[in-house]
Amino acid sequence: QLVESGGGLVQAGGSLRLSCTASGRAFGDYAMGWFRQAPGKERRFVATITRSGGMTYYAEFAKGRFTISRENDKNMLYLEMNDLNLDDTAVYYCAATQGGSYYVTGASYDYWGQGTQVSVSS
């Protein structure tokens, strides 16, 4: 089970840190990802991280502003988001897959959280 938290309302230029708590065993066996879905739009890839945390990959819009990280001993995944803008408004989802690399497509993931709302105001 994956549970996201940390969303909320923030002004443009502000920051938020999203968390994803994983229950069950062997969190370190899963590559993880963050996706987002804005109203009326398709779900989009945001960032992904390998099982060990040694490799990460970002969507172009996230590079330089967002940082994905994980703490396997705490079963936690994070997304640090800085310099937020109106286009970042969306529901953010964490996802898990047992693959051995990192993954940018939603179809690669087996488990999803319920999402957390991020709203950026001007």
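Look up: the structure comes first, before these words.
A brief report on the enclosed structure follows. (Residues numbered from 1 in each chain as written. Predicted model: local features only at pLDDT ≥ 70, side-chain atom pairs only at ≥ 80, totals over all residues. Heavy atoms only, no water.)

1. Brief notes about the environment of Ser69
Put simply, the rule is: Numbered from the N terminus, helices here are DSSP runs of H or I no shorter than four residues, and strands are runs of E no shorter than two.
In this fold, Ser69 is placed in strand S7 (residues 66-71). Expressed as a C-alpha distance, the spacing of Ser69 and Thr48, which sit 21 residues apart in the sequence, is 8.9 Å.

2. Some remarks on unusual backbone geometry
The residue Asn75 is not glycine, and still its phi comes out positive at about 55 degrees. Tracing the backbone through its elements, the reader meets Asn75 in the loop between S7 and strand S8 (76-81). Of note, the phi angle at Asp83 is positive, near 50 degrees, even though the residue is not glycine. Summarising the element assignment, Asp83 is placed in the loop between S8 and strand S9 (90-97).

3. Quick notes on the side chain of Glu4
The condition is simple: A 1.4 Å probe rolled over the protein chains alone gives each residue an accessible area, and that area as a share of the maximum for its type sets the label: buried under 20%, exposed over 50%, partly exposed in between. Residues scored as positive are Lys and Arg, those scored as negative are Asp and Glu, and His as well as the terminal groups of each chain are ignored. Salt bridges are defined as contacts in which a side-chain nitrogen from Lys or Arg sits within 4 Å of a carboxyl oxygen from Asp or Glu. Under this definition, polar contacts are N or O atom pairs within 3.5 Å; protein pairs additionally need one hydrogen-donor-capable and one acceptor-capable atom, and for neighbouring residues in sequence, both atoms have to be side-chain atoms. Residues count as neighbours in contact if any of their non-hydrogen atoms are within 4.5 Å of one another.
Mapped onto the fold, Glu4 is located in strand S1 (residues 2-5). Summary of buried charges: Glu4 has no salt-bridge partner, and the nearest side chain of opposite charge, Arg43, is 9.7 Å away. A distance of 3.0 Å separates a polar atom in the side chain of Glu4 from the backbone nitrogen of Gln114. At a separation of 2.8 Å, a polar atom in the side chain of Glu4 contacts the main-chain amide nitrogen of Gly115. If we skip the residues at most four places from it in the chain, Glu4 touches Ser19, Cys20, Trp34, Tyr92, Tyr93, Cys94, Gly113, Gln114, Gly115 and Thr116.

4. Some words on the side chain of Arg70
Among the structural elements, Arg70 can be located in strand S7. Among buried Asp, Glu, Lys and Arg side chains, Arg70 stands out as unpaired, with Asp29 the closest opposite charge at 8.2 Å. At 3.0 Å, the side chain of Arg70 and the backbone oxygen of Phe27 are in polar contact. Separated by 3.4 Å, the side chain of Arg70 and the backbone oxygen of Arg51 make a polar contact.

5. Quick notes on the pattern of salt bridges
On inspection of all chains with the given rule, the structure shows five salt bridges. A salt bridge links Lys63 to Glu60; its shortest N-O distance comes to 3.2 Å. Accessibility expressed as a relative area gives 41% for Lys63, which makes it partly exposed. Residue Glu60 is classed as exposed on the basis of its relative accessible area of 61%. As a salt-bridge pair, Arg65 and Asp88 come within 2.7 Å of each other at their nearest N and O atoms. Taken as a pair, Arg65 in the loop between strand S6 (56-58) and S7 and Asp88 in the loop between S8 and S9 lie far apart in primary sequence, 23 residues in all. Considered together, Arg65 and Asp88 belong to a single accessibility category, that of buried residues. A cluster of three or more residues bridged by salt bridges with shared partners is formed by Arg36, Arg65 and Asp88.

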